[in-house]
Amino acid sequence: MKNVTLVFWISLALCIVLVSWGAIAPSQLNAATASITTFISNTFGWYYLVIIMIFLSFCVYLALSRYGQIKLGKPGEKPEFTLLSWFAMLFSAGMGMGLVFWTTAEPISHAFISTPGSEEGSDRAVQEALQYSFFHWGIHAWAVYAIVALVLAYFKFHKGSKGLISATLIPLFGEKRMNGIAGKLIDSLAVIATIVGVASTLGFGSAQINGGLSFLFGTPETFSFQLLILALATLLFIGSAWSGIGRGIKYLSNINMGLAFILLLLLLIVGPTLYILNMFTSTMGGYISNFFDMSFHLEPLDKDNRTWINNWTIFYWAWWISWSPFVGIFIARISRGRSIKEFILGVLFVPSVVCFIFFAVFGVSALNLEQKGIAAISDFSLETATFGMLEQYPLGTLMSIITIFVVAIFFITSADSATFVLGMQTTDGSLNPSNGVKVTWGLVQSAVAAIVVYFGGTDGLQNILIIAALPFSIVIILMAASFYKTVRKDPSIKKK
């Protein structure tokens, strides 16, 4: 494997340690990391709420300021990908399979299992359920991705720096520090966050595909079958990564967004159409009017409600931060040639609206069944909730089969995007890492997923991801400061 750096070996060694711990002592890993995660949520909850709003405000400021005219590339350079392919790839990498999991399960949980504050099953709880789902998957999440991606794309394509997170901090700390051990540790933190996050998603994905196949066709719901699914998916996403970002990832993303929208339209037609449209409109109004209240809502005097905020809002904010190295680097890579204004508006608002539409159609269809007593979707597991909901509507089997394909392709696109990003980060920022490096990271991701799922250490790995979010949030702040320091002196800005 050519051009691998010290970051490659540091990250690989840390992966082996984490996997070994998760395999040998999963309960110990879960207990140790859970206590740290609880401490972080209780102590730094205010910090997460404030910092996410600062990121969002900074994005809006940049889009509206004179800096919005700057190209993420050389003057006159055209975007590398069409607008449609760009949207499809950034959405597939940024949300992907998680969206298929949670569009049904999250609104049902907020309305009937654990509410933000209203009585379970009440009309108010149902309204809040969709509103908070919009909140958790909307522009706050995409603001985190946008900041990381923007800074990386600016320094890489506009200033000609290496495509590394450490390289974006050179204006603050100098080349010597960022090319030394400090820079290597920052890049290794990004690699570990990517591996752990994607491995958790691969574990969930194989479980949902297995659950869907078992629900529909009675296939065995066992670890061996999950392992077979994981092995087949590994071959496919390594093949896709091998073919390059301009072919495999782009084509799969386009195909999957097409399938996802076909599924969406089918459910909208056969589901409670008028109720979906009414709830979408009402929820958008609630989301906009309560935007700032939700953004700073912490409940310091109500222990039960504060626990809900820790388990959902604070968890999500930390989750998006911990995923930002992977998603941010990938979005940066596919955004060459776009202006800062176009980039921010596209990354913030288009995926958010798509998320809102998916949550409205899937979430309201599930809520409708539970409200009318037709089916207790809240009794289904996370892996099978969507399938349990779809079977209650006409064309349910067809929609479930399409769902399995959508999950499978999201599974592949997330994994091969991560494989590409890991290759970049461990070959000194190369835009085209060698196939040997990509195959290595593809196998590592799948091995982590398989071993940890088998030994029950998934919760521990997720906790590690949340723990890693705290120091990485500081890295994002420094990236933004470094970017602003540099962009203020950018000679390409036309003075007004």
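Procedures and definitions
- Residues numbered from 1 in each chain as written.
- Predicted model: local features only at pLDDT ≥ 70, side-chain atom pairs only at ≥ 80, totals over all residues.
- Heavy atoms only, no water.
- Helix = DSSP H or I, 4+ residues; strand = E, 2+ residues; numbered from the N terminus.
- Rg over C-alpha atoms; globule rule 2.2 N^0.38 Å.
- Buried < 20%, exposed > 50% of the residue type's maximum accessible area, 1.4 Å probe, protein only.
- Contact = heavy atoms within 4.5 Å.
- Core = buried A, V, L, I, M, F, W, Y, C linked by side-chain atoms within 4.5 Å.
- Expected span 1.5 Å × (residues − 1).
- Bend = angle between axes of the 7 residues up to and from the residue.
- Patch = residues over 30% accessible without salt bridge, like charges linked within 9 Å, V, L, I, M, F, W, Y side chains within 5 Å.
- Areas by Shrake-Rupley, 256 points an atom, 1.4 Å probe, with all protein chains shown as cover.
- Salt bridge = Lys/Arg side-chain N within 4 Å of Asp/Glu carboxyl O.
- Lys, Arg positive; Asp, Glu negative; His and termini not counted.
- Charge placed at Lys NZ, Arg CZ, Asp CG, Glu CD.

Points about the overall build of the protein chain
Within the protein chain, the secondary structure is distributed over 19 helices and zero strands. Relative to the 2.2 N^0.38 estimate, which gives 23 Å for 496 residues, the radius of gyration of the protein chain is 22 Å and therefore close to what a compact globule would have. Principal-axis analysis of the C-alpha atoms places the extent of the protein chain at approximately 65 × 55 × 45 Å. The buried share of the protein chain, reckoned over its 496 residues, is 61%. Relative to all contacts within the protein chain whose residues are 6 or more apart in sequence, the contacts with residues 24 or more apart total 83%.

Quick word on the nonpolar core
The biggest cluster of nonpolar side chains holds 167 residues, and the ones touching the most others in it are Tyr-48, Phe-343 and Phe-483. When residues of this core are assigned to their parent elements, the largest contribution, 18 residues, is made by helix H14 (residues 303–334). Those residues in contact with Phe-343, other than ones at most four positions away along the chain, are Leu-72, Trp-86, Ala-146, Ala-149, Leu-150, Ile-331 and Ser-335.

Concerning unusual backbone geometry
One non-glycine residue with positive phi stands out, namely Glu-299, at about 50°. For Glu-299, the location among the structural elements is in the loop between helix H13 (291–295) and H14. Even without being a glycine, Leu-395 presents a positive backbone phi close to 65°.

Some thoughts on helix H15 (residues 340–371)
Turn by turn, an α-helix covers 3.6 residues, leaving residues three or four places apart pointing in a common direction. A rise of 1.5 Å per residue sets the reference length of H15, with its 32 residues, at 46 Å; its end C-alpha atoms lie 45 Å apart and thus fit the reference within 8%. At Gly-346, H15 is bent by approximately 25°, the largest bend along its length. Counting buried positions along H15 gives 24 out of 32 residues, so the element sits mostly inside the fold. The first or second residue beyond H15 is Gly-373, which carries a positive phi of 75°.

Notes on the environment of Leu-265
With respect to the element layout, Leu-265 can be found in helix H11 (residues 245–270). Linking Leu-265 and Val-475, residues 210 residues apart in sequence, is a C-alpha distance of 41 Å.

Re a positive patch on the surface
Where like charges cluster on the molecular surface, the positive patch consists of Arg-66, Lys-485, Arg-488 and Lys-489. Inspection of the secondary structure assignment puts Arg-488 in the segment after helix H19 (458–487).

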